[in-house]
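Examination of the molecular architecture
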Amino acid sequence: MTRTVQTEGLNRRTLLATSLSAAGGMMIGVALPAKAAPIFAEAASPETLSPREVNAWIVIEPDNTVLVRLAHAEMGQGTATALVMMVAEELECDWSQVKCEYASANRNIREKGVYKGMNTVGSAGVRTSVQFMQQAGASARARLVEAAAKRWNAPAAECVAAGGKVSHPASKRSLTYGALAGEAATITLVKEPAIKTPAQYKLLGKSTARLDTPPKLDGSAKFGIDTRLPGMVYAAVVSCPEFGAKLKSVDEAPAMARRGIIAVVKLDDAVAVVADRYWRAKAALDQLHIEWAPGPNATVDSAQLDKAYVDATHGPMVSARKTGDAAAALAAPGAKLIEAVYEVPNLAHVPMEPLNATVHIQPDRVDVWIGSQSPMQALNMAAQQTGVAPENVYVHNQFLGGGFGRRSAHDELTHAISVAKVVKKPVKLVWSREQDVRRDRYRPQAAVAFKAALDEAGKPTAFDSRIAVGSLLRSLGASPVANGLEPMAVECIATTAYKFPNIDVGVMLKNTHVPVGFWRSVGASQNTFFIESFIDEMAHAAGQDPYKFRRALLDRPDFLAVLDLMAAKGDWGKPMGPGRGRGMAIVETYGSITGQVAEVTVSPEGEIKVDRVVAVMDCYNAANPNTIEQQIEGGIVYGLSAVLWGEVTIKDGGPVQGNFNTYRLMKLSETPKIETYLIPSGGAKWGGVGEPSVAPVAPAVCNAIFAATGKRVRKLPLKNVDLKRV
Amino acid sequence: MITLKVNGKQRQLDIEPETPLLWVVRDELGLTGTKFGCGIAQCGACTVHVNGVATRSCVTTAGSAVGKDILTIEGLSPDGKHPVQQAWLAEDVPQCGYCQSGQIMAAAAFLKTKPAPTDDEIDKGLTNLCRCCTYPRIRKAVHRAAKLAASRKA
């Protein structure tokens, strides 16, 4: 697919700096439409005082560099570049002169939420920021224009802001933003300017090269794991194998005798070794003989858990959606019934950068270096765990080597703080890959029992689904979910766009001792597999083409546009050779509609090759098609690893898998040909793009396998499914 | 004491010979461009060159690298203008970027052995893992780098 990449200045021009600009110029305050606290009136601290600020989001240096502060994490999804584009769109600065840095979580505390939530979750970074980031840029531009107009004694309406300069064509005068920033600081606008609509965009909506690419090519990009501080020591940690069990005893002597070892720290359910070098800490840790006290789940295994979830689908349910009377329609005489039970396993996040955190605790101040999707939560957790007031806790967010929903619970930070309290030095605590996989908070295992009825014409008359899945919020301790209804547990099924006349969706939240959490695309990941596989079964039972069958159940133009395009570009209906098949899936999630057609080859021995995936997405408005394409491709392959091999099974109460030799990930050689089509249909809505494309992959592939072999896959991963035809 | 030649410089290091090269370059020398991903040579995030050969440094001991030329991502080019880096830039390959040092080092060494690779040869030659799944762009960038390197020679 062709895309136009904006390549102004391909030389190394942009930096994602993690330190704030030093003091030196004039302070600027601006009144944004939202309540903005006066910046220079706050208590002075290096993180608050930033004299060349136009507002909390934008600093303009005398050399005309525009520094944009980011309240969202960059974990590969391209949000940093998109946020800067929003400002630049309005500010009319020179794109080759933009820079960005993370906004300060500490300042967010001190200035009562000037940077808002600072959470990067829910595929919401771009779509929740676009209005106010544009406003920040527009406001700054308007004040720069007024400053110039004042200086020239010319009407502001005759002044033009473009390319980092304000000019007055009538008198042939111009000044750079950098020269005007000081005066602009003193100006209060009578009225804040309107922001551009998407129809007026010149920069947003165009494929733009990522600002963070250059440092990621030469080793200079810093991730949390790369933190280095004077006097820093390193810690390696291992948690008990069984979830919920405790540490019984460990003989520290063998570790303490080794070179460079500083301490062995005993935690409630883990052991850490601290040394002057990470490898020394890890090697010593591996050597220790640790005794764990078995907990109440020491004999739990996946066979039991799998059965428990399937059994739960036949038990009591909390109603998530009721339209019409599905029970009656299912019982109607002449109704053709289709029933199926589907199951999916726990899935690990496996970011390429294992979880890690560096902390420095002082009596009156705590500093944390971490890659976090939620630096405010990290800050508050650090404050609580150390007893230092939040105003004195500083979270220095870094590039994340993958987030995928894992980097918000800060389990690694809890460990780091516990260790730092003991050794009283700056500590970098790094999780091994085994620790990272085994102490993950998984995409939960789940089961669903479906029942549907078709009339004589093959049209669905009833759709009944009973879901059993763990509650994420209960597991995270975030909410007891008193009413038993968690949106993530039922999304995409209870919210389906299919127009079944009678619908009954029930859910039973079932948590075990296995920790679960938010995994890229969350409930859409299992529920799209469930419903898009079952709708395929329904189509087959009706003797109809799966594309036509879906089409007849949808009446939304945006849905139909995605469905029709993916069928067209995916060559739906064209013949395929023996052992080859095509499958499709479509879903609305995070405010976008995403559909995929997958082509597979299944050998007679049952080996699966995913040959091609055609993906279509309508996200309504697009900030940067370049990075959206990356997210679509990336999400597809993330989902493929999961459907083909992904599972974390439980034995003796703990996870079996630990590293890439047991938790297999897709390689370059296994990646299918991917074709992406972005069809943003416009309007006021912005859809998210970081997660949606993970969701349709599993059902598209499994439906393709059905087309190729006649075998219906109802339990993942595929590596456990026998597709032999010899 | 162990002497290692890293990025053209001789370094005297007071370390145990069994220390993996990965942790030598990261923690002793502060060259954090080479990354830790798995520790069992499965992912390739730790890829460096030892005597020009792509090597997974997490399972390569410092002792075994004595007397050899070790090159990390920081030493691949003085100015980011290695053909692989230029191709990666043009194709905008990285997403989170964590695996990319290893990918670039692996690709650079690979292209020395296969200057005009087919897709099949790329499949067999590049086995580094990427979790953000930048593979489609990596493949394009490898072809682009091959052409770029060839045009520079011409």
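It should be emphasised that the depicted structure is a prediction, and the values quoted were computed from it without experimental measurement.

Focus on the layout of surface pockets
Residue and element names in this part refer to chain A. By volume, the largest pocket is sized at about 790 Å³. If you trace the largest pocket, you find 49 residues lining it, with T120, V121, G122, S123 and E691 closest to the centre. Those elements giving two or more residues to the lining of the largest pocket turn out to be α1 (79-91) and α17 (625-645). Ranked by residue count, the leading element in the lining of the largest pocket is α17, at three residues.

Description of the interface of chain A and chain B
Facing 62 residues of chain A, the contacting portion of chain B comprises 52 residues. At the boundary of chain A with chain B, the tally comes to eight salt bridges. In this structure, E16(B) and R259(A) form a salt bridge, with 3.4 Å as the shortest nitrogen-oxygen distance. In this assembly, chain A and chain B are joined by 28 residue pairs in polar contact (both at pLDDT 80 or more). Contributions of two or more residues to the side of chain A that touches chain B are made by α6 (278-287), β19 (427-431) and α17 of chain A. Ranked by the residues each element gives to the side of chain A that touches chain B, the list is headed by α17(A), at nine residues. Among the residues forming the side of chain A that touches chain B, the class breakdown is 27 nonpolar, 17 polar and 18 charged.

Describing the side chain of S603(A)
Relative to the elements of secondary structure, S603(A) occurs in the loop between β24 (592-602) and β25 (608-618). Taking relative accessible area as the criterion, S603(A) reaches 17% and is therefore assigned buried.

Structural notes on the sheet that holds strand β3 (residues 47-50) of chain B
Two modes of strand pairing occur in sheets, parallel and antiparallel, and in both the strands are linked by backbone hydrogen bonds. Residue and element names in this part refer to chain B. Read from one edge of the open sheet, five strands run β2-β1-β5-β3-β4, paired in mixed fashion. Each end of this open sheet is capped by a strand with a single partner; those strands are β2 (9-13) and β4 (53-56). Across the sheet, the axes of successive neighbouring strands diverge by a mean angle of 40°, strand direction being ignored. In terms of strand pairing, strand β1 (residues 2-6) meets β2 through five bridges, oriented antiparallel. Counted as the bridge partner of L4 is R11 from β2. Its contacts with the sheet put helix α3 (residues 100-113) on β3, β4 and β5 (69-71), and the angle it makes with β3 is roughly 40°.

Concerning the pattern of salt bridges
For the coordinates displayed, the defined rule picks out 64 salt bridges over all chains. Linked through salt bridges whose partners overlap, the residues forming this network are D571(A), K574(A), R580(A), R582(A), E599(A), K609(A), D611(A), R612(A), K673(A) and E675(A).

Structural notes on the sheet that holds strand β6 (residues 160-162) of chain A
All names here are of chain A. One open sheet accounts for three strands, arranged β6-β7-β8; its pairing is antiparallel. Each having just a single partner strand, β6 and β8 (173-176) make up the two edges of the open sheet. Strand-to-strand twist of the sheet, defined as the mean angle between neighbouring strand axes without regard to direction, takes the value 20°. When strand β7 (residues 165-168) meets β8, the two strands line up antiparallel, connected through four bridges. Of the residues in β8, the one forming a bridge with V166 is L175. Here helix α3 (residues 130-152) sits on the sheet and contacts β6, β7 and β8; the angle it forms with β7, its principal contact strand, is near 40°. This element, helix α4 (residues 177-184), spans β6, β7 and β8 of the sheet and lies at about 80° to β8.

Let's talk about empty space enclosed by the protein
All names here are of chain A. Tallied over the full model, the rule gives eight cavities of 30 Å³ or more. Estimated volume of the largest cavity: approximately 120 Å³. The wall of the largest cavity is formed by 15 residues, among which L347, R443, S525, A642 and A698 lie closest to the centre. Broken down by secondary-structure element, the contributors of at least two residues to the lining of the largest cavity are α14 (522-541) and α17. Here the lining of the largest cavity is composed, by residue class, of 11 nonpolar, three polar and one charged. Taken as a whole, the second largest cavity spans an internal volume of roughly 110 Å³. If you go around the second largest cavity, the residues you meet are C492, T495, T496, A497, Y498, T528, I531, E532, F559, I586, V587 and E588. Counting only elements with at least two residues in the lining of the second largest cavity, the list comes to α14 and β23 (580-589). When the residues that make up the lining of the second largest cavity are grouped by side-chain class, the tally is seven nonpolar, three polar and two charged.

Points about the packing of helix α9 (residues 375-386) of chain A against helix α10 (residues 411-423) of chain A
Residues and elements named next belong to chain A. One way to put it is that α9 packs onto α10 with a least axis distance of 10 Å and a crossing angle of 30°. Between α9 and α10, the crossing angle belongs to the class labelled roughly parallel. Of the two elements, α9 crosses α10, and the hand of that crossing is right-handed. Within the contact between the two elements, α9 uses A378, M381, A382, Q385 and T386 and α10 uses L413, T414, I417, S418 and K421. Looking at the contact of α9 with α10, its residues break down into five nonpolar, four polar and one charged.

Brief notes about the side chain of E486(A)
All names here are of chain A. Tracing the chain through its elements places E486 in the loop between α12 (472-476) and α13 (487-490). No salt bridge is formed by the buried E486. Its closest oppositely charged neighbour is R474, at 6.2 Å. Within the local environment of E486, its side chain forms a polar contact with the backbone nitrogen of L472, the two atoms lying 2.7 Å apart. Not counting the four nearest positions on each side in its chain, E486 is found in contact with G470, S471, L472, L473, R474, V481 and L509.

Comments concerning the pairing of strand β11 (residues 261-266) of chain A
Residues and elements named next belong to chain A. As judged from the five bridges shared by β11 and strand β12 (residues 270-275), these two strands associate in the antiparallel manner. What sits directly across from V265, in β12, is A272. Between β11 and β12, which pair antiparallel one after the other, the connecting turn spans three residues.

Comments concerning the packing of aromatic side chains
The description of two aromatic rings rests on the distance between their centres and on the angle between their planes. In the structure shown here, the tally under the stated rule is 20 aromatic pairs over all chains. For the ring pair Y278(A) and F36(B), a centre distance of 6.3 Å and an interplane angle of 50° mean the geometry is tilted. Here the residue Y278(A) occupies a position in helix α6, and F36(B) occupies one in the loop between α1 (21-28) and β3, the pair thus bridging two chains. Of the two residues examined, Y278(A) and F36(B), each falls in the buried class. For the pair F404(A) and Y638(A), a centre-to-centre distance of 4.5 Å together with 35° between the ring planes defines the contact as tilted. Separated by 234 residues along the polypeptide, F404(A) in the loop between β18 (393-397) and α10 and Y638(A) in helix α17 bring together distant segments of the chain. The rings of Y342(A), F450(A), F463(A), Y498(A), F500(A), F529(A), F530(A) and F534(A) are connected pair by pair, giving a single aromatic cluster. Stacked on the ring of Y394(A), the Lys or Arg R365(A) has its end atom at 3.8 Å from the ring centre. Taking NZ or CZ as reference, R520(A) lies 5.3 Å from the ring centre of Y638(A), over its face.

Here we look at α9(A)
The α-helix advances 3.6 residues per turn, and as a result positions three or four apart in sequence lie on the same side. Residue and element names in this part refer to chain A. The end-to-end C-alpha distance of α9, which contains 12 residues, comes to 16 Å, matching closely the 16 Å that a straight helix rising 1.5 Å per residue would cover. For α9, the complete set of buried residues consists of P375, M376, A378, L379, A382, A383, Q385 and T386. The inward-facing, buried residues of α9 contact α2 (105-110), β16 (356-362), β17 (365-370), β18 and α10. One or two positions beyond α9, positive phi appears at G387, with a value near 80°.

Some remarks on the confidence of the model for chain A
For chain A, per-residue confidence averages 91 on the pLDDT scale, and 93% of positions sit at 70 or higher. In this model residues 1-46 of chain A is a low-confidence stretch, pLDDT under 50, and it forms 111 contacts with partners more than four residues away in sequence or in other chains.

With respect to the environment of E434(A)
Position of E434(A) relative to the elements: it lies in helix α11 (residues 433-438). The partly exposed category is assigned to E434(A), whose relative accessible area is 25%.

Some thoughts on the pairing of β23(A)
Residue and element names in this part refer to chain A. β23 sits mainly inside the fold: eight of its 10 residues count as buried. Summarising the sheet, β23 and β24 pair through 10 bridges and their orientation is antiparallel. What sits directly across from M584, in β24, is V597. Counting the residues between successive antiparallel strands, the hairpin from β23 to β24 contains two residues, one of them, Y590, with a positive phi of roughly 55°.

Scoring rules and cut-offs
- The residue numbers shown here count from 1 along each chain, following its written sequence.
- Throughout, the order in which chains and ligands are written sets their labels, letters from A for the former and numbers from 1 for the latter.
- Given that this is a predicted model, residues contribute local features only at a pLDDT of at least 70 and side-chain atom pairs are listed and counted only at 80 or more, while totals for whole chains, interfaces and linings are drawn from all residues.
- Only hydrogens and water are set aside; all other atoms, that is, all heavy atoms of the structure, feed into the side-chain values.
- Put plainly, a pocket is an open set of points on a 1 Å grid over the protein atoms alone with protein on both sides within 12 Å along at least five of seven lines, a cavity is a set where a 1.4 Å probe fits but cannot get out, and a lining residue has an atom within 4 Å of a point.
- Grid points are joined across faces, edges and corners, and a volume is the space filled by probe spheres set on the points.
- Secondary structure elements follow DSSP: runs of H or I of four or more residues count as helices, runs of E of two or more count as strands, with numbering from the N terminus.
- Should any heavy atoms of two residues lie within 4.5 Å, those residues are considered in contact.
- Only one rule defines a salt bridge in this text: a Lys or Arg side-chain nitrogen within 4 Å of an Asp or Glu carboxyl oxygen.
- Distance and chemistry together define a polar contact, namely a pair of N or O atoms within 3.5 Å, with one atom able to donate a hydrogen and the other to accept it when in protein, and with adjacent residues in sequence counting only for side-chain atoms on both sides.
- Classification used: nonpolar for Ala, Val, Leu, Ile, Met, Phe, Trp, Tyr, Cys and Pro, charged for Asp, Glu, Lys and Arg, polar for all others including Gly.
- Remark: exposure states derive from per-residue accessible area (1.4 Å probe, protein chains only) relative to the maximum for the residue type, with buried under 20%, exposed over 50%, and partly exposed in between.
- Only when DSSP finds a minimum of two bridges between them are two strands counted as paired.
- Comment: axis = line fitted to C-alpha atoms, over the contacting stretch for helices; angle = value between 0 and 180 degrees taken between N-to-C directions.
- Any angle that is under 35 degrees is reported as roughly parallel, and any over 145 degrees as roughly antiparallel; angles of 65 to 115 degrees are reported as roughly perpendicular and all others as oblique.
- Two helices that cross are described as forming a left-handed crossing if the nearer one is turned anticlockwise from the farther one by less than a right angle, and a right-handed crossing if clockwise.
- Here Asp and Glu are counted as negative and Lys and Arg as positive; His is not counted, and neither are the chain ends.
- Working definition: rings of Phe, Tyr and Trp (its six-membered ring) pair if their centres are within 6.5 Å, and the pair is stacked with planes under 30 degrees apart, edge-to-face with planes over 60 apart, and tilted otherwise.
- The criterion is that NZ of a Lys, or CZ of an Arg, lies within 6 Å of the ring centre and within 35 degrees of the ring normal, and then a charge sits over that ring.
- Here the expected length of a helix is defined as 1.5 Å per residue gap, with one fewer gap than residues.
- Confidence of the predictor at the level of single residues is captured by pLDDT, which takes values from 0 to 100.

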